[in-house]
Amino acid sequence: MLDNLLIIGMFLYITIILLTGEKLYCLGLDFFATKKLKKLGYSFNDLEFSFEQIYYIVSTPSINSELCKLPTNNYFIKKGKLSLFSSKINDLQIFVKMPNGKKKLLAIVPKDRFPVPILDSMLYYNEIDQKEYDLLIAYLFSHVKTHDMIIKEVNHKIIEG
């Protein structure tokens, strides 16, 4: 009886961690990164990043007229992680839901190639250390506004090149 309760308890614990781990990680990132940015005199909107390192899986501009006609609300981002138990994001994969219901991978943004000039400059001049830099990059990379900007950029590149 006690063994069964222990197994059930462990199962519930692991399930709760899996279901809430990413949300708790993002909340922690948001709290600490916003606090650090405020201390440095910046906000999220001050941090500009480059779209140069987006790797496109489809040709740009696309010759697929069906793909070009799709609105941005058909686009979505899947966060690439090392494992199911990890909350840290490795890359962002941009997909589009096609009219036939299939999902098509359009582009990938690797986290290690996500340039943020202001943060790069602060790191170079020792205004922040590597740990703070990684925290702020992770914050930007996981932020919904960043995802929206990346989706708009991918859509623009596919339509206009």
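Here the structure is a predicted model, which is why all the values come from computation and not from measurement.

Calculation criteria
- Residues numbered from 1 in each chain as written.
- Predicted model: local features only at pLDDT ≥ 70, side-chain atom pairs only at ≥ 80, totals over all residues.
- Heavy atoms only, no water.
- 1 Å grid on protein atoms, 1.4 Å probe; cavity = no way out; pocket = protein on both sides within 12 Å on 5 of 7 lines; lining within 4 Å.
- Points joined across faces, edges and corners; volume = space filled by probe spheres on them.
- Nonpolar A, V, L, I, M, F, W, Y, C, P; charged D, E, K, R; others polar.
- Salt bridge = Lys/Arg side-chain N within 4 Å of Asp/Glu carboxyl O.
- Helix = DSSP H or I, 4+ residues; strand = E, 2+ residues; numbered from the N terminus.
- Buried < 20%, exposed > 50% of the residue type's maximum accessible area, 1.4 Å probe, protein only.
- Pairing = 2+ DSSP bridges.
- Contact = heavy atoms within 4.5 Å.
- Axes fitted to C-alpha atoms, helices over the stretch in contact; angles between N-to-C directions.
- pLDDT = per-residue confidence, 0-100.

What follows is about empty space enclosed by the protein. All chains considered together, the criterion is met by two cavities of 30 Å³ or more. Here the largest cavity defines a volume of roughly 50 Å³. As for the largest cavity, its lining consists of F49, S50, F51, Q53, I54, V109, R113, F114, P115 and I150. For the lining of the largest cavity, the residue count by class is seven nonpolar, two polar and one charged.

In this section: the pattern of salt bridges. Enumeration over the complete set of coordinates arrives at one salt bridge. Across the pair E132 and K36 runs a salt bridge whose closest N-O atoms are separated by 2.8 Å. On the criterion of sequence distance, the pair formed by E132 in helix 4 (residues 130–142) and K36 in helix 1 (residues 2–40) is long-range, its members being 96 residues apart. Overall, E132 belongs to the partly exposed group, its relative accessible area being 22%.

This part takes up the sheet that holds strand 2 (residues 75–81). An order of 1-4-3-2 is seen for the four strands of this open sheet, with the pairing classed as antiparallel. Lying at the two open borders of the sheet, with one neighbouring strand each, are strand 1 (55–56) and strand 2. Where strand 2 lies against strand 3 (residues 89–97), seven bridges are found, and the strand directions are antiparallel. Of the residues in strand 3, the one forming a bridge with Y75 is V96. Contacting strand 3 and strand 4 (103–110), helix 4 runs over the sheet at an angle of about 10° to strand 3. Together, strand 1, strand 2, strand 3 and strand 4 form the strand contacts of helix 5 (residues 144–160), whose direction differs from that of strand 2 by roughly 120°.

Another aspect to go through is the confidence of the model for the chain. Of the residues in the chain, 94% have a pLDDT of 70 or more, and the chain-wide mean is 86. The weakest mean pLDDT in the chain belongs to helix 2 (residues 65–68) at 80; the strongest belongs to strand 4 at 93.

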